[in-house]
Amino acid sequence: VRAWRGLIEEYRELLPVTRDTPVVTLLEGGTPLVPAQRISQLTGCEVYLKVEGANPTGSFKDRGMTVAISKAAEQGAKAVICASTGNTSASAAAYAVRAGMTCAVLVPQGKIAMGKLAQALVHGAKLLQVDGNFDDCLELARKLAADYPVALVNSVNKYRLQGQKTAAFEIVDALGDAPDVHCLPVGNAGNISAYWMGYQEYAASGMASRRPRMLGFQASGAAPIVRGHPVAKPQTIATAIRIGNPASWDLAIVARDESGGAIQSVTDRQILAAYRLLAREEGVFVEPASAAGVAGLLQAVEADPGAEPLVPRGSRVVCTVTGNGLKDPDWAISGAPAPTTVPVDAHAAASSLGLA
Ligand code: F0G
């Protein structure tokens, strides 16, 4: 046994790094692939959760950020910038600290979860709240990176997807082959594209004998790919995927079509039901956006009478749960009964717990 070295060292020969690349890492990757007993029971499938909230800053963004910031350091960058619904900014802020760079982040005002805001601030990022949505923030970040000496680390930076593809490698390494189906949430559409890249590379090199069908899920109020046109005012409680004009739209379509998959929408109600199911039945606390992939799987095993469901019983399925629930605790607290206060008294505590 040896300790996990971070994904650049673990997958070095499959990544665009050289001996001259300074490795900026928080030892990201190597996240748990947890068998989901209750969801397997409910769907008749063999379901696993790739728990990306276990990464150093609590989301899958760290996979892309270790590569993007390492390459920026190699190229001599002193400052990085990103637009974000919260997780990219948290990750960029932390990795910029490791690299000794300054970090600027643009977030949609009032529309990012408190924990993510805290992360950007505690790591010392320069935070601008933009009076607009994520799509406006990204447009602004692109302009600033084009005109000023600052490197863009959104997923339009090709090194981001290179890092993120390693999650697919880890899944194949753990299962011995690719699953039948891979489900995940879709926002800016980078992650579905990165997974597809990873699965394809492993199949091409003989590390996997096949490739999964990619099933991506958008929130119904922010589902531009499903609708086939940008959404000007995207709305969803899943703020991480509140995006109306995804940057990696074309790549996501390729992933969908080449894999024989689908991109569908799920309602906020379905997302919250899956969020609670994950917490209460699987013991896995995710942020709301992360539950969209599981909500999508629950939808995809249902079919009209006489028709085949999108995901048949017996399928081996991996759902990526993309971010940690602690980032956005509001939804956990709002649905729960208020806690009871008791005096320092065993009898009172016992009766309040229904034990006495
Ligand atoms: N889940 C979470 C928790 C996310 O933060 C994001 C994206 C996604 C899913 C969707 O992934 O964009 O690759 O399709 N968050 C970005 C951000 C937009 O700024 O943190 P995607």
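Residues numbered from 1 in each chain as written. Predicted model: local features only at pLDDT ≥ 70, side-chain atom pairs only at ≥ 80, totals over all residues. Heavy atoms only, no water.

If you look the protein chain up in an unreviewed UniProt entry, it shows as Threonine synthase from Actinomadura alba. In its Pathway (unreviewed entry) section, the UniProt entry covering the protein chain states "Amino-acid biosynthesis; L-threonine biosynthesis; L-threonine from L-aspartate: step 5/5." In its Function (unreviewed entry) section, UniProt records this for the protein chain: "Catalyzes the gamma-elimination of phosphate from L-phosphohomoserine and the beta-addition of water to produce L-threonine." (UniProt positions renumbered as here; feature names shortened; annotations may be inferred.)

Draft legend 1. Structural detail: the UniProt feature "domain: Tryptophan synthase beta chain-like PALP" (unreviewed entry) in the protein chain. Within this numbering scheme, the UniProt entry marks residues 24-323 as carrying the feature "domain: Tryptophan synthase beta chain-like PALP" (unreviewed entry). Its end C-alpha atoms 21 Å apart, residues 24-323 is made of 42% helix and 17% strand. (Helix = DSSP H or I, 4+ residues; strand = E, 2+ residues; numbered from the N terminus.)

Draft legend 2. Summary view of the packing of helix α3 (residues 61-74) against helix α4 (residues 87-99). Axis separation between α3 and α4 bottoms out at 9 Å; the angle between their running directions is 40°. Of the possible angle classes, the one that applies to α3 and α4 is oblique. For the pair α3 and α4, the crossing hand works out as right-handed. Contact with α3, carried on its side by Lys61, Asp62, Met65, Thr66 and Ile69, involves Asn87, Thr88, Ser91, Ala92, Tyr95, Ala96 and Ala99 of α4 and no other residues of that element. Its residues assigned to classes, the contact of α3 with α4 shows six nonpolar, four polar and two charged. (Axes fitted to C-alpha atoms, helices over the stretch in contact; angles between N-to-C directions. Parallel < 35°, antiparallel > 145°, perpendicular 65-115°, else oblique. Left-handed = near helix turned anticlockwise from the far one by under 90°. Contact = heavy atoms within 4.5 Å. Nonpolar A, V, L, I, M, F, W, Y, C, P; charged D, E, K, R; others polar.)

Draft legend 3. Expanded view of the pattern of salt bridges. Considering all chains together, one arrives at 15 salt bridges under this definition. A salt bridge links Glu287 to Lys116; the nearest nitrogen and oxygen atoms lie 2.7 Å apart. In this pair, Glu287 sits in the loop between α12 (268-282) and α13 (292-300) while Lys116 sits in helix α5 (residues 114-122), placing the two residues 171 residues apart along the sequence. When sorted by exposure, Glu287 lands in the same class as Lys116, which is buried. Two residues, Glu139 and Lys143, come together in a salt bridge whose shortest N-O distance is 3.4 Å. (Salt bridge = Lys/Arg side-chain N within 4 Å of Asp/Glu carboxyl O. Buried < 20%, exposed > 50% of the residue type's maximum accessible area, 1.4 Å probe, protein only.)

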